[in-house]
Protein chains: 2
Amino acid sequence: MWLYHYKMPQLNDSFIEKKDFLVKSLGQYADIPADEINLLADIFKSRNIDKGFFFLQQGDHLSTVALICSGLFRVFCTDLLGNERTLAFRRAGQFIAGYSPYIENREIWYSIQALEDAELIFINFSDYLALEKRHPCWTELTKNYMTELYIEKEDRERSLLQEDASTRYLNFKKKYPCYEKNISQYHIASYLGITPVSLSRLRASLKKD
Amino acid sequence: MWLYHYKMPQLNDSFIEKKDFLVKSLGQYADIPADEINLLADIFKSRNIDKGFFFLQQGDHLSTVALICSGLFRVFCTDLLGNERTLAFRRAGQFIAGYSPYIENREIWYSIQALEDAELIFINFSDYLALEKRHPCWTELTKNYMTELYIEKEDRERSLLQEDASTRYLNFKKKYPCYEKNISQYHIASYLGITPVSLSRLRASLKKD
DNA sequence: GACTGATATTATCATAAGATAATTACTCTT
DNA sequence: AAGAGTAATTATCTTATGATAATATCAGTC
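Rules behind the numbers
Residues numbered from 1 in each chain as written. Chains lettered and ligands numbered in written order. Predicted model: local features only at pLDDT ≥ 70, side-chain atom pairs only at ≥ 80, totals over all residues. Heavy atoms only, no water. Contact = heavy atoms within 4.5 Å. Buried area = accessible area lost by both parts, 1.4 Å probe. Salt bridge = Lys/Arg side-chain N within 4 Å of Asp/Glu carboxyl O. Polar contact = N/O pair within 3.5 Å; in protein donor to acceptor, adjacent residues only side chain to side chain. Helix = DSSP H or I, 4+ residues; strand = E, 2+ residues; numbered from the N terminus. Nonpolar A, V, L, I, M, F, W, Y, C, P; charged D, E, K, R; others polar. Near = heavy atom within 4 Å. Least-squares fit on C-alpha atoms with pLDDT ≥ 70 in both. Axes fitted to C-alpha atoms, helices over the stretch in contact; angles between N-to-C directions. Parallel < 35°, antiparallel > 145°, perpendicular 65-115°, else oblique. Buried < 20%, exposed > 50% of the residue type's maximum accessible area, 1.4 Å probe, protein only. Pairing = 2+ DSSP bridges. 1 Å grid on protein atoms, 1.4 Å probe; cavity = no way out; pocket = protein on both sides within 12 Å on 5 of 7 lines; lining within 4 Å. Points joined across faces, edges and corners; volume = space filled by probe spheres on them.

Draft legend 1. Expanded view of the interface of chain A and chain B. Counting from both sides, the interface comprises 36 residues of chain A and, opposite them, 37 residues of chain B. Counting the surface lost from both chain A and chain B, the interface buries some 3,200 Å², and carbon and sulfur atoms represent 70% of this. At the surface where chain A touches chain B, the tally comes to six salt bridges. The shortest N-O distance in the salt bridge between B:Lys143 and A:Glu132 comes to 2.7 Å. Summed over the shared surface of chain A and chain B, the result is eight residue pairs in polar contact (both at pLDDT 80 or more). Within the residue set of the side of chain A that touches chain B, elements represented by two or more residues are β5 (72–78), β6 (84–91), α4 (136–162) and α7 (185–192) of chain A. Among the elements that line the side of chain A that touches chain B, the one with the most residues is α4(A), at 19 residues. Split into classes, the residues belonging to the side of chain A that touches chain B amount to 16 nonpolar, eight polar and 12 charged.

Here is the structure:
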């Protein structure tokens, strides 16, 4: 298990070179007019997070949204016994966030940890909400992004209800072929909802066939 | 298992009396200006669906959104072996929909069935998308509604990953105390992701304590 | 190349849930 | 009230996964 604690990510000034990547990533979800794009340079900041460190931790009230420019993250929660369950993996081009603003007075119940050294650009949620008030394109973007997240979770629910662990593992490999090399069995198992020992046994039985 | 087939719901002309209920229900998610509200009478239609019949069925491309004015629905999918898995229950004041417009060229993979005689008002998705183009309040509404759905699914994922069947059953009873009387054990079990036989055994072991 | 710590595998046993079938309890209709 | 059909329980057996511990593999460091 990871024993790293929260570490304030390093600020750096390479935002400019990441702006194109941000614009492209935002463009997946909505058309953002040039005027709005020009506002971003002031409010987006650039940071690195080393492997093993956290973007946010369970219990935080911290509210930021970040775009992953490079690196790999896992989103996970921990139960009272310390067992970790991985909800999702996130890679370059995807966003990570704590959604607490949508749930008033509620702590974030998951953590987001870098599995590789990572570069991020991020924005405070309060600044983002101000953008939404300025121009409807940002609401449109949030709507489309939330819809994508929702569909991802719908699919995950179906998988957890309908498939056995073996099928879930095979589908994980199919869906994330590149991930398998970079993610430990411990983390894959916690995504599949089984123990690492079960996953190992499962892999052994698949090899036989 | 239900053997009813799809039945075109009955059209009736009692939309006016349901308009207040619609306005109140929409108001949960966004402020809709009076001008926009006035457009609704033309495009919303009112229908009833009898117990056992479907609002939509797995494989449909049908795209409508409906507000439940009375009655109870379950959203479920069926695997290749015919096993049903219930994704959610929906009651008066909640919306039901097929989201296929968001997933191009993809069939809806779940069915929505009335568990009680139900009254609905509904709108075609294409008409709703036209509203979104007219005024940003509708995009705002969709954004907030999708966020609520997303949070519901996030919670469900955590539950399926982290809790055993017994805990999930107790939490189901806590969350939906009124549902328990109206929903068969078969449907509760399919929501919990276990067989009805398992649920029955589980209930017996809970009674002992 | 040997030591160390982290990961992954394998083995053993215990437990929860699935499959099937038989039984009991309800509900509705006549 | 009897019978039919549906829903829920109980019993038996099987299987998948969990818990724990021992071993094996791998990566990094000196």
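Draft legend 2. Summary view of the protein's contact with DNA strand D. Taken together, 15 residues lie near DNA strand D, and A:Thr195, A:Ser198, A:Arg201, B:Gln185 and B:Ser200 sit nearest. A breakdown of the atoms of DNA strand D within 4 Å of the protein gives sugar and phosphate a share of 61%. Within the contact set of DNA strand D, a phosphate oxygen lies 3.2 Å away from a backbone nitrogen or oxygen of A:Thr195. For DNA strand D, a phosphate oxygen lies 3.3 Å from a polar atom in the backbone of B:Gln185. Counting residues per element, the ones that place at least two in the surface near DNA strand D are α8 (196–208) of chain A together with α7 (185–192) and α8 (196–208) of chain B. Ranked by residues supplied to the surface near DNA strand D, first place goes to α8(B) with five residues.

Draft legend 3. Here's a closer look at the relation of the copies chain A and chain B. Screw-axis analysis of chain A against chain B gives a translation of 0.0 Å along the axis, an RMSD of 0.0 Å, and a rotation angle of 180 degrees. The symmetry that links the two subunits is that of a two-fold axis. Taking the C-alpha atom as reference, chain A places A:Lys143 closest to the rotation axis, 2.1 Å from it. Interface overlap between copies: 100% of the residues of chain A at the interface are likewise at the interface in chain B, consistent with a symmetric, same-surface contact.

Draft legend 4. Focus on the packing of helix α5 (residues 165–175) of chain A against α8(A). Residue and element names in this part refer to chain A. Two numbers describe how α5 lies on α8: the axes approach to 10 Å, and their chain directions differ by 80 degrees. Comparing their axes, α8 and α5 come out roughly perpendicular. Along its contact with α5, which presents Ala 165, Ser 166, Tyr 169 and Leu 170, the element α8 presents Leu 199, Leu 202, Arg 203 and Leu 206. Residue composition of the contact of α5 with α8, grouped by class: six nonpolar, one polar and one charged.

Draft legend 5. Representation of the pairing of strand β9 (residues 118–124) of chain B in the model. Residue and element names in this part refer to chain B. Among the seven residues that make up β9, five are buried, leaving the element largely enclosed by the rest of the structure. One ladder, built from five bridges, connects strand β2 (residues 45–49) with β9; its direction is antiparallel. Along β9, the bridge assignment pairs Ser 46 with Ile 121. Two strands pair when backbone bridges link them, and strand β4 (residues 64–70) and β9 are joined in this way by six bridges, in the antiparallel orientation. Residue pairing for β9: Val 65 is matched across the bridge by Ile 123.

Draft legend 6. Region of interest: the environment of B:Phe55. Residue and element names in this part refer to chain B. With respect to the helices and strands, the residue Phe 55 is situated in strand β3 (residues 54–56). Take Phe 55: its relative accessible area is 7%, and that puts it in the buried class. Separated by 19 residues in sequence, Phe 55 and Arg 74 have C-alpha atoms that sit 10.0 Å apart.

Draft legend 7. How the structure looks around the pattern of salt bridges. The tally for this structure, following the rule as stated, stands at 20 salt bridges over all chains. The partner of A:Glu84 in a salt bridge is A:Arg74, and the shortest N-O contact between them spans 3.0 Å. Placement of the pair is A:Glu84 in strand β6 and A:Arg74 in strand β5, with a sequence separation of 10 residues. The same class applies to A:Glu84 as to A:Arg74, namely buried. Three or more residues are tied together by salt bridges with common partners; here these are A:Glu132, B:Glu140 and B:Lys143.

Draft legend 8. Layout of the side chain of B:Lys18. Along the polypeptide, B:Lys18 turns up in helix α1 (residues 15–27). Overall, B:Lys18 belongs to the buried group, its relative accessible area being 6%.

Draft legend 9. Up close: the layout of surface pockets. Of the volumes computed, that of the largest pocket is approximately 420 Å³. Lining the largest pocket we find 20 residues, and of these A:Tyr29, A:Arg90, A:Arg91, A:Gln94 and A:Glu148 sit closest to its centre. For the lining of the largest pocket, the elements supplying multiple residues, two or more each, are α1 (15–27), β6 and α4 of chain A. If one sorts the elements of the lining of the largest pocket by residue count, α4(A) sits on top with five residues. Taken as a whole, the second largest pocket holds about 320 Å³ of empty space. Lining the second largest pocket are 19 residues, with B:Tyr29, B:Arg90, B:Arg91, B:Gln94 and B:Glu148 positioned closest to its centre. Counting residues per element, the lining of the second largest pocket draws most heavily on helix α4 (residues 136–162) of chain B, which supplies four residues. For the lining of the second largest pocket, the per-class residue count stands at nine nonpolar, four polar and six charged.

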